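Analysis of the macromolecular model
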Amino acid sequence: MKQIESTKVPINADVMPVLNNVLPAVLLGYVIMRNMRFKVGTQKVNGTEWREMESGFQIDYVKKKLYQYKSSVDEAIEQLRKHNPSDDYEAHPVYWYGR
C-alpha cells in the first residue's frame, strides 16, 4: 500500500492511477451494435454450396444514431429484431473522457 501525502488516504498504486491523471467519464448515450448473419453461395459442380457467415459486431448502418436513454435504444432494438430476427443486437454505452 502507498499513501498520498496530500490526502493521507491509503490506495493501492497498482490498481488506481495517480489522482491527477484520472479523467471524468461522461455518458453521452447509447449506440446499437449489430452482428449481421448472412449466407454466401459458392458455385460447385453439383450446384451452389451455401455457408453461413457473420459480420461481427459493429455500429448498425441502419441506425447510426446516439440514443440518449437506455429505454429508447431497447425499443429500437426490438423493432430491428422484428425485421431481422437472425441478427444479434447489443446496446453499448458511449462515454466521453475529458476535462
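Residues numbered from 1 in each chain as written. Predicted model: local features only at pLDDT ≥ 70, side-chain atom pairs only at ≥ 80, totals over all residues. Heavy atoms only, no water.

Moving on, we get to the overall build of the chain. Scanning the chain for helices and strands turns up one helix and seven strands. Ordered by position from the N terminus, the helices and strands of the chain form the series β-β-β-β-β-β-α-β. The buried share of the chain, taken over its 99 residues, is 17%. Pairs at least 24 apart in sequence give 60% of the contacts found in the chain among residues at least 6 apart. Surface accessibility of the chain: about 7,900 Å² in total, with carbon and sulfur atoms responsible for 54%. (Helix = DSSP H or I, 4+ residues; strand = E, 2+ residues; numbered from the N terminus. Buried < 20%, exposed > 50% of the residue type's maximum accessible area, 1.4 Å probe, protein only. Contact = heavy atoms within 4.5 Å. Areas by Shrake-Rupley, 256 points an atom, 1.4 Å probe, with all protein chains shown as cover.)

This part covers the confidence of the model for the chain. Looking at the chain as a whole, its pLDDT mean stands at 80, while 76% of the residues score no less than 70. Per-element mean pLDDT across the chain ranges from 46 in strand 1 (residues 2–3) up to 94 in helix 1 (residues 70–83). Note on residues 1–9: pLDDT under 50 across the span, and 13 contacts to partners over four residues away in sequence or across chains. (pLDDT = per-residue confidence, 0-100.)

With that out of the way, let us pick up helix 1. When the terminal C-alpha atoms of helix 1 are compared, their 21 Å separation across 14 residues agrees well with the 20 Å that a helix rising 1.5 Å per residue should span. Looking at the packing, one finds that the buried side of helix 1 touches strand 3 (25–35) and strand 7 (88–97). (Expected span 1.5 Å × (residues − 1).)

For the rest of this paragraph, the subject is the environment of M53. Take M53: it is sitting in strand 5 (residues 47–54). Overall, the relative accessible area of 31% leaves M53 in the partly exposed class. Taking the C-alpha atoms as reference points, M53 and V40, 13 residues apart in sequence, are found 7.1 Å from one another. Here M53 is in contact with M36, R37, F38 and V40, once residues within four sequence places are set aside.

Together, V26, L28, L66 and W96 make up an exposed nonpolar region whose accessible area comes to about 360 Å². Assignment of secondary structure puts L28 in strand 3. A relative accessible area of 43% means that L28 is categorised as partly exposed. (Patch = residues over 30% accessible without salt bridge, like charges linked within 9 Å, V, L, I, M, F, W, Y side chains within 5 Å. Salt bridge = Lys/Arg side-chain N within 4 Å of Asp/Glu carboxyl O.)

On to the pattern of salt bridges. Using the criterion set out here, one finds six salt bridges in the structure. For D87, the salt bridge goes to R34, with nearest N and O atoms at 2.8 Å. Here R34 lies in strand 3 and D87 lies in the loop between helix 1 and strand 7, a separation of 53 residues in the sequence. Exposure class is identical for D87 and R34. Each is buried. Of the charged contacts, one joins R37 and E54 as a salt bridge, the two residues approaching to 3.5 Å between their closest N and O atoms. Highlighted residues: R37 in strand 4 (residues 37–44) and E54 in strand 5, separated in sequence by 17 residues. The exposure class of R37 is partly exposed, given its relative accessible area of 36%.

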